[in-house]
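An overview of the molecular structure
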Amino acid sequence: MRVATRPIDGQKPGTSGLRKKTKVFMAKGYLENFIQSVFDATGGATGRTYVVGGDGRYFNDRATQTILKMAAANGAKRVMVGRNALLSTPAASHLIRLNRTDGGIILSASHNPGGLDEDFGVKFNTPNGGPAPEAVTEAIFARTKEIRDYYIADDTDLDLSRIGTQQIGGMEVSVIDPVADYAALMETLFDFEAIRAMFAGGFRMRFDAMCAITGPYAREIIETRLGAAPGTVVNGTPLPDFGGMHPDPNPTWAHALMDEMFGPDAPDFGAASDGDGDRNMVVGRGIYVSPSDSLAVLAANAHLAPGYRDGLKGVARSMPTSTAADRVAEALGIGSYETPTGWKFFGNLLDAGRATLCGEESFGAGSDHVREKDGLWAVLLWLNILAERKESVAEIMGGHWQRFGRNYYSRHDYEALPVAVANAVMDGLRAKLGALSGQVVEGMTVGSADDFAYEDPVDGSVSRGQGLRVVFTDGSRLVLRLSGTGTEGATIRLYLERYVPGPDGLDAEVQEALAPVIRAAETLAGIRAATGREGPDVIT
Ligand code: G16
């Protein structure tokens with residue numbers, strides 16, 4: 001059935017797909033316009049195969065039914081969908097690759113809260129399993145501005161709770177177990193035997209799935225296959241509103257896990273993951289591991305896991321992520337890459353075999369096993385490393401800093417600001433950048449300052465305006481950028497880094513160690529002065 005429609009403003013994908021309030025997505029034609037634009041901008045759906053699934057948030061089920069009907073009406077051959085329309089983002093990426101489909105549609109607003117009054121999102125992934133690169137998202141956006149009609153099958157809903165194959169308008173729909181293929185992939189990468197032995201020896205862990213998609217995956221892999229005690233996984237049932245939680249694994253939102261890990265009788269290891277399962281937070285007993293440090297430790301120790309025994313080809317990080325991983329890459333004699341924020345920028349490096357591991361300060365890490373960041377993968381690699389090294393998280397971190405020095409690191413978020421205020425802060429600092437070099441701020445000399453631009457070393461594409469950075473001659477850095485994933489007002493992210501080579505000064509409190517850089521940021525950018533805020537809403 002052909003339905004006449006009109007372009008809807010603002011369907012521009014951000015850092016990771018199109019994210020809006022759920023009610024916006026539920027409005028007449030909104031989802032339909034975007035999905036039709038995805039098909040149109042990628043050469044049409046005729047004869048094609050796709051993977052479809054999402055993180056189970058409110059509207060996930062109904063949106064999936066709409067997408068299936070639209071794929072059928074657009075002539076797609078086959079769609080694979082997770083049971084009850086559930087798939088974690090990394091599992092979807094794996095299925096796209098495993099089944100060589102023409103791409104996938106992932107329904108998620110990631111770590112943003114879910115519910116009728118919260119957030120929803122749609123992301124298109126290309127046949128390599130990764131988020132569509134900028135050229136593709138631009139083409140989709142261009143199409144949303146000229147769309148005149150969409151196609152949708154006039155069928156009844158499918159029963160997505162039933163594993164097996166069904167037909168809709170001549171298209172085959174395969175409902176599959178969302179966990180099985182992903183769990184099998186993890187078994188090829190990690191030494192399950194060694195991790196099982198560690199759990200059998202009394203190792204205790206807490207995994208907080210935050211009522212989001214990773215629950216079923218973590219229960220199957222960590223409790224059933226690896227033998228962790230029942231109850232290791234908490235908040236393990238995905239709920240449409242994530243139980244009212246903000247499924248963002250950081251010390252602010254995963255505070256229950258933090259309290260337990262810093263409390264009496266803490267387990268040996270704690271971890272949490274986000275709404276769609278691609279983010280992770282790792283905590284040891286009494287020690288929080290920053291995502292930037294986690295990437296560096298994973299890079300330094302990955303060879304201890306069977307999947308990475310032959311070493312790494314290179315390590316990539318997003319620009320605002322601390323440079324800790326670069327120091328490891330240098331020691332290993334492998335390439336290191338600095339990309340803009342957004343997992344889509346890692347795809348070419350992974351496809352070209354230049355990088356094996358990638359990571360971001362925003363609680364994302366992953367490898368070339370899929371083309372998304374992968375929360376559970378990171379947790380399993382940590383478990384494999386702990387099983388091999390037989391040291392605590394604190395001992396591993398201490399040893400790492402002794403060897404490489406420590407990059408003290410933190411991110412300060414100022415959320416839901418009026419867009420004009422946030423833009424004024426950015427414009428103010430941007431205007432100063434050219435004259436900063438050589439200036440002394442808070443006792444530190446500015447070595448360089450610029451608005452980050454990236455030239456992709458594989459396809460030569462250039463992405464400009466990716467974040468304002470001020471680098472001091474002692475290696476300290478501050479970076480300012482606007483979030484591309486929020487749905488309300490603007491969020492300023494201030495990234496702060498200070499390097500201490502050691503052997504002394506490696507055990508300071510993070511915010512204290514960063515104090516001069518925090519002060520320099522306020523002197524240069526004046527965020528508090530401009531916003532009237534007393535401090536950040538979230539500190540990671
Ligand atoms: C997405 C992207 C990440 C990015 C993060 C934060 O993660 O995939 O690459 O680092 O957003 O982006 P921003 O700073 O623009 O808000 P996710 O987990 O939300 O898909």
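Structural notes, computed from the coordinates.

Reading the values: the criteria
- Per-chain numbering applies: the sequence of each chain, read as written, is numbered from 1 onward.
- Whole-chain, interface and lining totals are the exception, using all residues; otherwise, since this is a predicted model, local features are given only for residues with pLDDT of at least 70 and side-chain atom pairs are given and counted only at 80 or more.
- To obtain the side-chain values, all non-hydrogen atoms of the structure were included, while hydrogens and water were left out.
- Take the buried residues of types Ala, Val, Leu, Ile, Met, Phe, Trp, Tyr and Cys, join any two whose side-chain atoms come within 4.5 Å, and each joined set is a nonpolar core.
- Think of it in three bands: residues with accessible area under 20% of the maximum for their type are buried, residues over 50% are exposed, and the middle band is partly exposed, with areas taken using a 1.4 Å probe on protein chains only.
- Here a residue-residue contact requires only that any non-hydrogen atoms of the pair lie within 4.5 Å.
- A cutoff of 4 Å decides nearness: a residue is near a molecule or strand if any of its heavy atoms lies inside that distance of it.
- Polar contact is the term for a pair of N or O atoms within 3.5 Å; when the atoms are in protein, one must be able to donate a hydrogen and the other to accept it, and sequence-neighboring residues count only if both atoms are side-chain atoms.
- Only the protein chains shown count as cover for residues, with accessible areas throughout obtained via the Shrake-Rupley method and a probe of 1.4 Å.
- Each helix corresponds to a stretch of at least 4 residues labelled H or I by DSSP, and each strand to a stretch of at least 2 residues labelled E; elements are numbered beginning at the N terminus.
- Note on pairing: two strands pair once DSSP finds at least 2 bridges between them.
- Axis definition: a line fitted to C-alpha atoms, over the contacting stretch in the case of helices. Angles run 0 to 180 degrees between N-to-C directions.
- Put simply, angles under 35 degrees are roughly parallel, angles over 145 are roughly antiparallel, angles from 65 to 115 are roughly perpendicular, and the rest are oblique.
- Left-handed describes a crossing whose near helix is turned anticlockwise from the far helix by less than a right angle; the clockwise case is right-handed.
- Any residue outside Ala, Val, Leu, Ile, Met, Phe, Trp, Tyr, Cys, Pro, Asp, Glu, Lys and Arg is labelled polar, Gly included; the first ten of those are nonpolar and the last four are charged.

Counting 107 residues, the largest nonpolar core has Phe190, Trp377 and Trp382 as the members making the most contacts within it. If sequence neighbours within four positions are ignored, Phe190 has contacts with Ile195, Ala305, Pro306, Tyr308, Trp377, Leu380, Leu381 and Asn384.

Moving on: the site of the ligand. Near the ligand lie 19 residues; those nearest to it are Glu360, Arg481, Gly484, Thr485 and Arg493. Within the contact set of the ligand, an oxygen atom lies 3.0 Å away from a side-chain nitrogen or oxygen of His111. One of the side-chain N or O atoms of Arg279 is found 2.7 Å from an oxygen atom in the ligand. Expressed as a share of its isolated accessible area of 460 Å², the protein-covered part of the ligand is 99%.

What follows concerns the pairing of strand S9 (residues 171-176). Burial of S9 is extensive: five of the six residues sit out of reach of the surface. Direction of pairing for strand S4 (residues 78-86) relative to S9: parallel, over a ladder of five bridges. Within S9, the position partnered with Arg78 by the bridge is Glu172. The pairing of strand S8 (residues 164-168) with S9 spans five bridges and is classified as antiparallel. Note that in S9 the partner of Gly164 across the bridge is Val175.

Contact geometry for helix H2 (residues 30-41) and helix H5 (residues 134-144): axes closest at 8 Å, N-to-C directions at 120°. In this view, H2 runs oblique relative to H5, as classed from their interaxial angle. As H2 packs across H5, the resulting crossing turns out to be right-handed. Across the interface between the two elements, Phe34, Ser37, Val38, Asp40 and Ala41 of H2 pack against Ala139, Ile140, Arg143 and Thr144 of H5. In terms of residue class, the contact of H2 with H5 is made up of five nonpolar, two polar and two charged.

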